[in-house]
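# What the coordinates show
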Amino acid sequence: ATPTSIMVGTGRAAEMGVLFRKGDALQMLQETRVIAVDKTGTLTAGRPEVTELITTDGADEDATLAAIAAVENLSEHPIAEAIVRAAVARGIECGEVTDFTSITGFGVRGQVSGQTVLVGADRLMAREGVEIGALADTGASLGQKGRTPLYASIDGKIAAVIGVSDPIKRTTPQAIAALQGLGVRVAMITGDNKSTAQVIAAELGIDTVIAEVLPEGKVAALSELRKIGKLAFVGDGINDAPALAAADVGIAIGTGTDVAIEAADVVLMSGDLSGVVNAFDISQRTMRNIR
Ligand code: ADP
Ligand code: MG
């Protein structure tokens, strides 16, 4: 690659809102065979909404939601914000919480009116020894609809399952198809539930899904995909800055965090995947011109 053609390519990319922070990323991208994409906030809007609330037989919905929302009120996770919004929409006031703990990749815990409340993925319940029982089927059917099922327990007893929906960004389907058209294999990486992830992947024509990955497991998941060939990773930096740094080409989307921008080789001004298509396109054309 001549320095001049790299400069021209980098300049053209910048005009399209694709910032190459390192010159060799332009060349590296052209050699990329597989692109791993974070689901939440990258493929999807990242602003989930509560769509279902099912309590165990006989439990009062508002009282249960009040306890759950009280704990989630202290979490910054987008799922927590969705649950708090749902409670507020029902006119529920979030009570006092003590001993709040956030268990990254699992969920949250807190004391509400002297009771221990847990909210999170099925693996949180498994970890804390809470039997999900009859709500497991309800949760599974939520997952099959592409919802994220979240479980809540009060004093060690299962209390509710909540369905949360995070819609696919309008521009995502076309961007995935375009990347696949350029001969790149697309994979999804997420901390979300397996069946939820699979439903969303199927809607997008993505055949490689790595789900229920803990934040610290994302880098290890990438090394599997790395066996296919040169690897790019696209994320927003929430839980995935190490993955951005570990990939051959780390691509941060524009709505991402400062940490993401710091860790990335390429930064997209737009908050969606269409910038990734432009980045690939420019890198392929730049490299073709030199030969
Ligand atoms: P990702 O960003 O890929 O969705 P996270 O590691 O942030 O992954 O979360 C993984 C899973 O952990 C979520 O899908 C959810 O089930 C659970 N979780 C994490 N934080 C919370 C929270 N505050 N409330 C409820 N569930 C949570
Ligand atoms: Mg994320």
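Note: the structure precedes this text.
The following paragraphs examine the structure supplied in this document. Predicted model only: the values in this text are computed from it and were never measured. (Residues numbered from 1 in each chain as written. Chains lettered and ligands numbered in written order. Predicted model: local features only at pLDDT ≥ 70, side-chain atom pairs only at ≥ 80, totals over all residues.)

Strand-to-strand pairing in sheets goes through backbone hydrogen bonds, with the strands running parallel or antiparallel. If you walk across this open sheet you meet the six strands as E3-E8-E7-E6-E5-E4, and the pairing is antiparallel. Strand pairing shows two members of the sheet lacking a second neighbour, strand E3 (49-55) and strand E4 (98-103), which therefore form its edges. Between one strand axis and the next, the sheet turns by 15° as a mean value, whatever way the strands run. Two elements, strand E6 (residues 115-120) and strand E7 (residues 148-154), share four bridges in a ladder whose sense is antiparallel. Residue valine 119 lies in a different strand from E7, and its bridge partner there is alanine 152. Taken strand by strand, helix H5 (residues 78-89) contacts E3, strand E5 (107-112), E7 and strand E8 (157-165), and its axis lies near 70° from that of E3. Taken strand by strand, helix H7 (residues 135-144) contacts E3, E7 and E8, and its axis lies near 10° from that of E8. (Pairing = 2+ DSSP bridges. Helix = DSSP H or I, 4+ residues; strand = E, 2+ residues; numbered from the N terminus. Axes fitted to C-alpha atoms, helices over the stretch in contact; angles between N-to-C directions. Contact = placed C-beta atoms within 7 Å.)

A large share of E7 lies buried, amounting to seven of its seven residues. On E7, burial covers both faces: Thr148, Leu150, Ala152 and Ile154 on one face and Pro149, Tyr151 and Ser153 on the other are all buried. Direction of pairing for E7 relative to E8: antiparallel, over a ladder of seven bridges. Bridged to serine 153 within E8 is isoleucine 158. Connecting E7 to the antiparallel partner E8 that follows it, the hairpin turn spans two residues, and aspartate 155 within it adopts a positive phi of roughly 50°. (Buried ≥ 20, exposed ≤ 12 C-beta atoms within 10 Å, placed from the backbone.)

The next subject is the packing of helix H4 (residues 61-72) against H5. The interhelical angle for the contact between H4 and H5, taken along N-to-C directions, is 135°, at an axis separation of 9 Å. Here H4 lies oblique to H5, going by the angle between them. At the point where H4 passes H5, the crossing takes the left-handed sense. Touching Leu65, Ala66, Ile68, Ala69 and Glu72 of H4 are Ala80, Ile83, Val84 and Ala87, all from H5. Taken together, the residues of the contact of H4 with H5 break down into eight nonpolar, no polar and one charged. (Parallel < 35°, antiparallel > 145°, perpendicular 65-115°, else oblique. Left-handed = near helix turned anticlockwise from the far one by under 90°. Nonpolar A, V, L, I, M, F, W, Y, C, P; charged D, E, K, R; others polar.)

With that out of the way, let us pick up the packing of H7 against helix H9 (residues 194-204). Interaxial distance between H7 and H9 falls to 7 Å at its minimum, and their mutual angle equals 20°. Considering their axes alone, H7 and H9 lie roughly parallel with respect to each other. In this structure, H7 crosses over H9, and the sense of that crossing is right-handed. Touching Ala140, Gly143 and Gln144 of H7 are Ser195, Thr196 and Val199, all from H9. Residue composition of the contact of H7 with H9, by class: two nonpolar, four polar and no charged.

These results come straight from atomic positions and should not be treated as a statement about function.
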